[in-house]
Amino acid sequence: MRQKHPISRRGLLNASLALGIGTLGFGIAGSRAADGPPLTPRQTPGPFYPSRLPADADRDLTRVAGRAKRAAGRIVQVAGRVTDDSGRALAGARVEIWQCDAFGYYHHPRDRGGRADPNFQGYGRMLLGEDGRYRFTTIRPVSYPGRAPHIHFAVSGPGVERLTTQMYLAEHPQNARDFLYNAIRDPAARRSVTVAFVQQADDRPPLGHFDLVLGRSLPAN
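Draft legend 1. Looking closely at the overall build of the protein chain. When helices and strands are counted, the protein chain shows two helices and 10 strands. Ordered by position in the sequence, the α and β elements of the protein chain form the string α-β-β-β-β-β-β-α-β-β-β-β. For the protein chain, with 221 residues in total, the buried portion stands at 49%. Here the analysis covers contacts within the protein chain between residues at least 6 apart in sequence; of these, 73% occur between residues at least 24 apart. Element-wise, carbon and sulfur atoms account for 52% of the exposed surface of the protein chain, whose accessible area totals about 10800 Å².

Draft legend 2. Spatial organisation of the environment of Pro54. Relative to the helices and strands, Pro54 is located in the loop between helix H1 (9–18) and strand S1 (75–84). For the pair Pro54 and Val64, spaced 10 residues apart in sequence, the C-alpha to C-alpha distance is 9.6 Å.

Draft legend 3. The arrangement of the layout of surface pockets in detail. When its volume is computed, the largest pocket comes out at roughly 320 Å³. If you go around the largest pocket, you meet 17 residues; those closest to its centre are Arg52, Pro54, His107, Phe120 and Gln121. Here the lining of the largest pocket is composed, by residue class, of 11 nonpolar, four polar and two charged. Considering only enclosed or pocket space, the second largest pocket measures out at about 160 Å³ in volume. In this structure, the second largest pocket is lined by 14 residues; those nearest its centre are Pro37, Ser192, Asp211, Leu212 and Val213. Broken down by secondary-structure element, the contributors of at least two residues to the lining of the second largest pocket are S1, helix H2 (187–192), strand S7 (194–195) and strand S10 (212–214). Here the lining of the second largest pocket is built from residues that sort into six nonpolar, five polar and three charged.

Draft legend 4. Expanded view of the pattern of salt bridges. As enumerated under the stated definition, the model contains seven salt bridges in all. A salt bridge links Arg70 to Asp60; the nearest nitrogen and oxygen atoms lie 3.9 Å apart. In this pair, Arg70 sits in the loop between H1 and S1 while Asp60 sits in the loop between H1 and S1, placing the two residues 10 residues apart along the sequence. Measuring nitrogen to oxygen at the nearest pair gives 3.3 Å for the salt bridge that ties Glu96 to Arg162. Taken together, the positions of Glu96 in strand S2 (residues 94–98) and Arg162 in the loop between strand S5 (150–156) and strand S6 (163–169) put the pair 66 residues apart, joining distant regions of the chain. Given the relative accessible area of 0%, Glu96 is considered buried. By sharing partners, the salt bridges in this structure join Arg94, Glu96 and Arg162 into a single network.

Draft legend 5. Focus on the nonpolar core. Core analysis: the largest hydrophobic core is formed by 33 residues, its most contacted members being Val82, Tyr134, Phe136, Phe153, Met167, Phe210 and Leu212. Secondary-structure elements contributing two or more residues to this core are S1, S2, strand S4 (133–139), S5, S6 and S10. Excluding residues that lie within four positions of it along the chain, Phe136 makes contacts with Arg59, Leu61, Val76, Gln77, Val78, Val95, Ile97, Gly124, Arg125 and Met126. Ala57, Tyr106, Tyr144 and Ala154 belong to the second largest nonpolar core, which has eight residues in total.

Draft legend 6. Representation of the pairing of S5. Counting buried positions along S5 gives seven out of seven residues, so the element sits mostly inside the fold. Side-chain alternation along S5 places His150, His152, Ala154 and Ser156 on one buried face and Ile151, Phe153 and Val155 on a second face that is also buried. Looking at chain direction, S2 and S5 are connected through five bridges and run antiparallel. Bridge pairing in S5 places Arg94 opposite Ser156. Taken together, the six bridges between S5 and S6 define a ladder with antiparallel strand orientation. The residue of S6 that forms the bridge with Phe153 is Thr165.

Rules and cut-offs
Residues numbered from 1 in each chain as written. Predicted model: local features only at pLDDT ≥ 70, side-chain atom pairs only at ≥ 80, totals over all residues. Heavy atoms only, no water. Helix = DSSP H or I, 4+ residues; strand = E, 2+ residues; numbered from the N terminus. Buried < 20%, exposed > 50% of the residue type's maximum accessible area, 1.4 Å probe, protein only. Contact = heavy atoms within 4.5 Å. Areas by Shrake-Rupley, 256 points an atom, 1.4 Å probe, with all protein chains shown as cover. 1 Å grid on protein atoms, 1.4 Å probe; cavity = no way out; pocket = protein on both sides within 12 Å on 5 of 7 lines; lining within 4 Å. Points joined across faces, edges and corners; volume = space filled by probe spheres on them. Nonpolar A, V, L, I, M, F, W, Y, C, P; charged D, E, K, R; others polar. Salt bridge = Lys/Arg side-chain N within 4 Å of Asp/Glu carboxyl O. Core = buried A, V, L, I, M, F, W, Y, C linked by side-chain atoms within 4.5 Å. Pairing = 2+ DSSP bridges.

Set out below in structure tokens:
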């Protein structure tokens, strides 16, 4: 039986919120550009953003350089486009994702460091091209005590205000009980971070399409 964490994950999440780490986005969640899609709601990065970025941090989280085995879990792809509120592709911005492994552990010392799947990167990043599109190969997210399955996303770069959010699985039963998912009050904004994975026509893994819309552009320095 899995041992109880010295500090519960819900406790760590609540502590991070109390200290002002990250933003749930209660007000921003309902905002949207005129005649456009809802702005991607801001959410907390949580307590398990990597304390040290892995040496292998490419777009395929299911393979780790120097290891022969692939990550445990159901392999999927997640892809989409990143734009500002005017529809302009955010070329040159950096997209990061991080998530727990197939057993519910993060590569983070506060999550009983060393227990996470060594064949799973847990973190990946890439720079956006002119079209603003990204694609990652990873595993289908799983739940752990207190949280519905999710993948953390962050977008940053010249001329953009950093956005941190979370992507959730469509129709997952734990969504109804997840306090961060339900903190997104606007139904359209909540749908915008709720993604269904669809089997592709070829032999590629199921694909989840997740577009991100940032609500504010900043002038580049």
